[in-house]
Amino acid sequence: MFIFRQSAQIQAYIAHLKESGTALGFIPTMGALHDGHMSLVEMAKKSGDKVICSIFVNPTQFDKAEDLEKYPRTETEDILLLEKHGCDIVFIPEVKEVYPEDYSHQPIEIQNPQIKAVLEGEFRPGHFDGMMQVVSRLLEIIPAHRIYMGQKDYQQQMIVREMMSALGIETELIMAPIKREEDGLAMSSRNRRIDPDLRSVATTLYETLKMAKDELQSCPVSEIIHTAEQKITEAGFELEYFRVVDGSDLSPVKNEKDADFIVALVAAWLGEVRLIDNMILKP
Ligand code: AMP
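(A) Representation of the side chain of Arg190. Its location among the elements puts Arg190 in the loop between strand S6 (172-176) and helix H10 (204-215). Looking at Arg190, the relative accessible area reads 13%, which means it is buried.

Next up, the structure:
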């Protein structure tokens, strides 16, 4: 596995690979890698792509300095894990490689700005602008044929899709399903920070999403949301949102018949750790 730390070097190598017709699959990450990330590596490998992973904790997408500081960093373990799963190239830049002094950034306008204003957009102001900035910059350095992103961050992959269309980036976005722990907790780099005493409670998010899926046909959405909010709060979470939306534009859905594709999304704090999860209720 090749490790690059400088943009110019990986750019030259990628250009060489593209010239020789190699199919390239790119997986942007913030490190602290786990089996969820590895499921993206495996997906990319299966489709025959040469797999490029980036590890970069992007400062511009954190609204709280404290959250950025606390973000787990496990570079040595990450490299070993990527190597074990057959990743071909890893890019681990410092901030100045991604945003050099002469770099200037124009805000990116997407066609439906509402999709970045709601849900995570309400609770993490500026997060998606920072996320679009880094993904667009990484795609400039690594113009892969495909980008692999997780359904775990459902809203994020929707916004990246729109962003690429707005910028005329031809990379294809592939969404990978959520990889979960045995008890249903969605794998996340943040899970290692969950207080061990609270770990058994963490699975409530998954259980509540499953309940929403089971009840979608028989209950009005307002009732499902009310029960979900109660269940999550009673379990000891501090709930930010539990929403049921049209998966194509994130607008709220009142009844199962209102949309062809319905997704439930949740964000809640368990002690010091903010967890998000989602489930496709109507595929
Ligand atoms: P992150 O390092 O958290 O920014 O995640 C990097 C990529 O991995 C994103 O596209 C995530 O959606 C994806 N990812 C993170 N956790 C999971 C998971 N449990 N299952 C599938 N994909 C995931």
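Moving on from the coordinates now.
(B) Just the sheet that holds strand S9 (residues 273-282), in detail. Pairing is antiparallel in the open sheet, where 3 strands are placed in the order S7-S8-S9. Bordering the open sheet on either side are strand S7 (238-246) and S9, each of which pairs with just one other strand. Taking the axes of each pair of neighbouring strands and ignoring which way they run, one obtains an average angle of 10° across the sheet. Alignment of strand S8 (residues 262-270) against S9, held across 9 bridges, turns out to be antiparallel. Residue pairing across strands places Ala267 opposite Ile276, the latter belonging to S9. Contacts from H10 reach S7, S8 and S9, with the element oriented near 20° to S9.

(C) A look at the site of the ligand. Contacts to the ligand come from 17 residues, most closely from Met30, Gly150, Asp153, Lys179 and Met187. At 2.9 Å from an oxygen atom of the ligand is found a side-chain nitrogen or oxygen belonging to His37. Side-chain polar atom of Asp153 to an oxygen atom of the ligand: 2.7 Å apart, as the coordinates give it. Starting from 480 Å² of accessible surface for the ligand in isolation, the protein chains cover 92%. Here the ligand occupies the largest cavity. Of all the elements in the fold, those that place two or more residues in the shell around the ligand are strand S2 (24-29), helix H2 (35-46) and strand S5 (146-150). Considering every element that reaches the shell around the ligand, the biggest residue donor is H2, with 3 residues.

(D) Spatial organisation of helix H11 (residues 221-234). Compared with the 20 Å implied by 1.5 Å per residue over 14 residues, the 20 Å span of H11 between its first and last C-alpha is a close match. Residues of H11 that are buried: Val221, Ile224, Ile225, Ala228 and Ile232. Down the axis of H11, the smallest arc covering the buried residues is 95°, so these residues share one side. Counted as exposed and oriented over 90 degrees from the buried face of H11: Ser222 and Glu234. Next to the buried residues of H11 lie H10, S7 and S8. In the segment just after H11, Gly236 is the residue with positive phi, at about 115°.

Parameters and conventions
- Residues numbered from 1 in each chain as written.
- Predicted model: local features only at pLDDT ≥ 70, side-chain atom pairs only at ≥ 80, totals over all residues.
- Heavy atoms only, no water.
- Helix = DSSP H or I, 4+ residues; strand = E, 2+ residues; numbered from the N terminus.
- Buried < 20%, exposed > 50% of the residue type's maximum accessible area, 1.4 Å probe, protein only.
- Pairing = 2+ DSSP bridges.
- Axes fitted to C-alpha atoms, helices over the stretch in contact; angles between N-to-C directions.
- Contact = heavy atoms within 4.5 Å.
- Near = heavy atom within 4 Å.
- Polar contact = N/O pair within 3.5 Å; in protein donor to acceptor, adjacent residues only side chain to side chain.
- Areas by Shrake-Rupley, 256 points an atom, 1.4 Å probe, with all protein chains shown as cover.
- 1 Å grid on protein atoms, 1.4 Å probe; cavity = no way out; pocket = protein on both sides within 12 Å on 5 of 7 lines; lining within 4 Å.
- Sits in = over half its atoms within 2 Å of the grid points.
- Expected span 1.5 Å × (residues − 1).
- Arc of directions from axis to C-beta.

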